[in-house]
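Okay, here's what each chain looks like letter by letter:
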Amino acid sequence: MTKSGPQHDLSGRCRVCNAQISAFMSFGRMPIANGFLNEEEIANEYFFELAPAFCEQCSMFQLITQPQPEKMFHGQYAFYSSSSRYMQMHFEAFANKVITEILAGGSDPFVVELGSNDGIMLRHFHPRGIRHLGVEPSVNVAEVARSRGIQTTSAFFNRKLTEEIVGEYGRADVILAANVMCHIPDLPGVAAGAQHLLASNGILIFEEPYLGDMIGKTSYDQIYDEHVFIFSATSIARAFAPYDLELVDVAPQITHGGSMRYTLARKGSRQATARVAKQLAQERAQGLDDAKTYLGFRQNCENSRARLMQMLNDLNEQGKRVVGYGATSKSTTVTNYCGITPQLVEFISDTTPIKQGKLSPGAHIPVRPYGEFIRAYPDYALLFAWNHAAEIREKEQAFVAAGGQWIVYVPDVRVIS
Ligand SMILES: [Zn+2]
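Now for a look at the structure at hand. A quick note: this is a predicted structure, and the numbers were derived from the prediction, not measured. (Residues numbered from 1 in each chain as written. Predicted model: local features only at pLDDT ≥ 70, side-chain atom pairs only at ≥ 80, totals over all residues. Heavy atoms only, no water.)

1. A short note on the coordination of the zinc ion
The protein atoms donating to the zinc ion are Cys 14 (SG), Cys 17 (SG), Cys 55 (SG) and Cys 58 (SG), with metal-donor distances spanning 2.3 Å. One can describe the site at the zinc ion as tetrahedral: its four donor atoms subtend angles covering 100 to 116° at the metal. Donor residues for the zinc ion, ordered by position in the chain, follow C-x2-C-x37-C-x2-C. (Donors = N, O, S within 2.8 Å, 3.2 Å for Na, K, Ca; no water. Tetrahedral: all angles 85-135°; square planar, octahedral: opposite > 155°, others 65-115°.)

2. Observations regarding helix α3 (residues 139-147)
Buried residues of α3: Val 141, Ala 142 and Ala 145, and no others. Relative to the axis of α3, the buried residues are bounded by an arc of 100° and lie together on one face. In α3, the exposed positions angled more than 90 degrees off the buried face are occupied by Val 139 and Ser 147. In this fold, the buried residues of α3 make contact with β9 (152-153). Backbone geometry just downstream of α3 places Gly 149 in the positive-phi region, at approximately 85°. (Buried < 20%, exposed > 50% of the residue type's maximum accessible area, 1.4 Å probe, protein only. Helix = DSSP H or I, 4+ residues; strand = E, 2+ residues; numbered from the N terminus. Arc of directions from axis to C-beta. Contact = heavy atoms within 4.5 Å.)

3. A word on the packing of aromatic side chains
Tallied over the full model, the rule gives 21 aromatic pairs. Between Phe 206 and Phe 240, the ring centres sit 5.9 Å apart and the planes meet at 35°, which makes this aromatic pair tilted. Highlighted residues: Phe 206 in strand β11 (residues 198-209) and Phe 240 in helix α7 (residues 233-240), separated in sequence by 34 residues. Note on Tyr 377 and Phe 399: the rings are 5.4 Å apart at their centroids and 55° apart in plane angle, and the pair reads as tilted. Here the residue Tyr 377 occupies a position in the loop between α11 (370-375) and β18 (380-383), and Phe 399 occupies one in helix α13 (residues 397-401), the gap between them amounting to 22 residues. By relative accessible area, which is 26% here, Tyr 377 ends up partly exposed. Phe 399 gets classed as buried once you look at its relative accessible area, which sits at 0%. Through a chain of ring-to-ring contacts, three or more aromatic side chains come together here, namely Tyr 325, Tyr 370, Phe 373, Tyr 377, Phe 399 and Trp 406. The ring centre of Trp 386 lies 5.6 Å from the NZ or CZ of Lys 330, which sits over that ring. The ring of Tyr 370 is capped by Lys 395, whose NZ or CZ atom sits 4.3 Å from the centre of that ring. (Phe/Tyr/Trp six-rings, centres within 6.5 Å; stacked < 30°, edge-to-face > 60°. Lys NZ or Arg CZ within 6 Å of the ring centre and 35° of its normal.)

4. Some thoughts on the packing of helix α4 (residues 159-169) against helix α5 (residues 187-197)
As a packed pair, α4 and α5 sit with axes 8 Å apart at the nearest point and diverge in direction by 20°. One element, α4, and the other, α5, form an angle in the roughly parallel class. The crossing of α4 and α5 is right-handed. Touching Arg 159, Thr 162, Glu 163, Ile 165 and Val 166 of α4 are Gly 189, Ala 192, Gly 193, His 196 and Leu 197, all from α5. Split by residue class, the contact of α4 with α5 holds four nonpolar, four polar and two charged. (Axes fitted to C-alpha atoms, helices over the stretch in contact; angles between N-to-C directions. Parallel < 35°, antiparallel > 145°, perpendicular 65-115°, else oblique. Left-handed = near helix turned anticlockwise from the far one by under 90°. Nonpolar A, V, L, I, M, F, W, Y, C, P; charged D, E, K, R; others polar.)

5. Some details on the sheet that holds strand β6 (residues 61-63)
What the three strands build is an open sheet, ordered β5-β6-β12; its pairing is antiparallel. Each having just a single partner strand, β5 (52-54) and β12 (229-230) make up the two edges of the open sheet. As paired strands, β5 and β6 are joined by three bridges and run antiparallel to one another. Paired with Ala 53 across the bridge in β6 is Gln 62. (Pairing = 2+ DSSP bridges.)

6. So, the pairing of strand β7 (residues 110-114)
Every other side chain in a regular strand lies on the same face of the sheet, so the side chains alternate between the two faces. Burial analysis of β7 places five of its five residues in the buried class, the great majority of the element. The alternating pattern of β7 places Phe 110, Val 112 and Leu 114 and Val 111 and Glu 113 on opposite faces, both of which are buried. Bridging between β7 and strand β8 (residues 131-135) involves five bridges; their strand directions are parallel. Looking across to β8, one finds that Glu 113 is bridged to Gly 134. Alignment of β7 against strand β10 (residues 172-178), held across four bridges, turns out to be parallel. The partner of Val 112 across the bridge, within β10, is Ile 175.

7. Side note on the environment of Ile 32
Structurally, Ile 32 is set in the loop between β3 (29-31) and β4 (47-49). The exposure class assigned to Ile 32 is buried, which follows from its relative accessible area of 7%. In the structure, Ile 32 is positioned ten residues away from Ile 42 in sequence and 12 Å away in space, judged by C-alpha atoms. When sequence neighbours within four positions are dropped, the list of residues in contact with Ile 32 reads Tyr 46, Pro 67, Lys 71, Met 72, Asp 225, Thr 332 and Pro 361.

8. Description of unusual backbone geometry
In terms of backbone geometry, most residues other than glycine have negative phi values and most peptide bonds are trans. Here Val 410 and Pro 411 are connected by a cis peptide whose omega angle stands at -5°. With respect to the secondary-structure elements, Pro 411 resides in the loop between β19 (405-408) and β20 (414-416). Phi at Asn 117 is positive, roughly 55°, even though this residue is not glycine. Turning to its location among the elements, Asn 117 is positioned in the loop between β7 and β8. Asn 117 sits in the buried class, given a relative accessible area of 11%. At Asn 179, a residue that is not glycine, the phi angle is positive and equals roughly 55°. Relative to the helices and strands, Asn 179 resides in the loop between β10 and α5.

9. A word on the pattern of salt bridges
Enumeration over the complete set of coordinates arrives at twelve salt bridges. Its salt-bridge partner being Asp 118, residue Arg 148 comes within 3.7 Å of it at the nearest N-O pair. Taken together, the positions of Arg 148 in the loop between α3 and β9 and Asp 118 in the loop between β7 and β8 put the pair 30 residues apart, joining distant regions of the chain. With a relative accessible area of 1%, Asp 118 lands in the buried category. (Salt bridge = Lys/Arg side-chain N within 4 Å of Asp/Glu carboxyl O.)

Structure (structure tokens):
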């Protein structure tokens with residue numbers, strides 16, 4: 001068994017169809033992706049084995065085991081969507097599309113959003129007087145949304161909650177979610193809730209990191225504790241079919257390094273666009289429904305790791321300074337799977353105050369304020385926030401002008417300036 005094979009027999013049941021599944025690889029012992037910590041917390045740092053599986057019966061890509069939610073979303077967890085300007089613009093466009101195209105002509109429509117966070121999306125519905133309800137399990141984050149006038153309930157979305165919502169507000173014309181569905185282990189529970197909540201001609205529309213991009217680009221850093229699933233059109237169509245919800249449209253998005261927006265409706269209520277059949281055919285051609293594809297992905301991950309470590313070790317021997325750029329959740333998978341140490345990457349620059357002064361999960365690379373990066377530019381910056389490469393390279397022209405170079409690892413390990 002190679003180093004990337006599961007350390008022990010990692011098998012279980014598919015969360016969607018209950019078929020027997022087994023991990024096709026392991027990324028090894030992994031901490032909580034967002035578990036930035038202090039020196040004195042190292043002794044009690046929590047680890048689990050990060051191992052993905054592909055269900056041959058329903059094509060769902062999923063983690064074989066996931067840490068308990070309280071390990072992932074502890075007191076300090078506070079990710080406010082609105083802190084990213086780029087994401088603000090993206091959600092404004094998403095909201096406007098829903099408002100103009102879908103709600104046009106409807107009388108007194110009602111919109112429900114799952115994982116509505118601090119209201120980054122619903123704040124565009126609120127000023128137009130559109131009836132809305134955000135469902136946000138995180139109490140602190142929901143409070144921020146409510147303080148902005150956005151109707152929000154702190155709860156988990158499931159069949160029982162939807163009965164309460166229907167009783168109080170009636171059925172929903174639109175159910176929205178963004179980067180939320182892939183976090184919810186009980187996907188069948190969400191589907192059952194959506195089936196109950198949706199008006200007869202309503203739509204369920206959500207966007208999530210896309211499996212086809214991840215496999216195509218070997219962007220294995222999409223795989224971490226919070227992402228219990230990585231979806232494809234194939235797996236989404238199959239997961240919702242038992243609840244009489246049909247995939248009627250798909251639209252690729254560039255967010256998060258490649259996402260897909262899925263639109264579902266009650267069976268027979270809407271005509272599916274030609275894009276759906278095209279996407280399903282493309283996924284068959286890419287082999288997303290074939291177990292062999294995932295063995296190829298595993299090999300690509302191992303190759304990517306070997307090339308990145310070769311490069312970092314070479315630079316270290318040459319006495320070059322390498323600094324990480326962006327202490328992202330995704331970077332935790334990369335640093336721990338590859339074995340990147342503070343000897344190889346001096347620190348990780350990040351603009352998020354709560355992470356500064358802490359150590360990265362597992363690898364224990366110091367996280368320092370952005371000012372440290374510009375104060376004395378390193379020779380190389382390892383771009384952990386690769387999904388924002390265009391925005392970042394635009395911003396950091398002075399780094400390159402000073403002779404700095406970027407190391408990227410998606411889709412290939414290479415140096416760019
Ligand atoms: Zn399955």
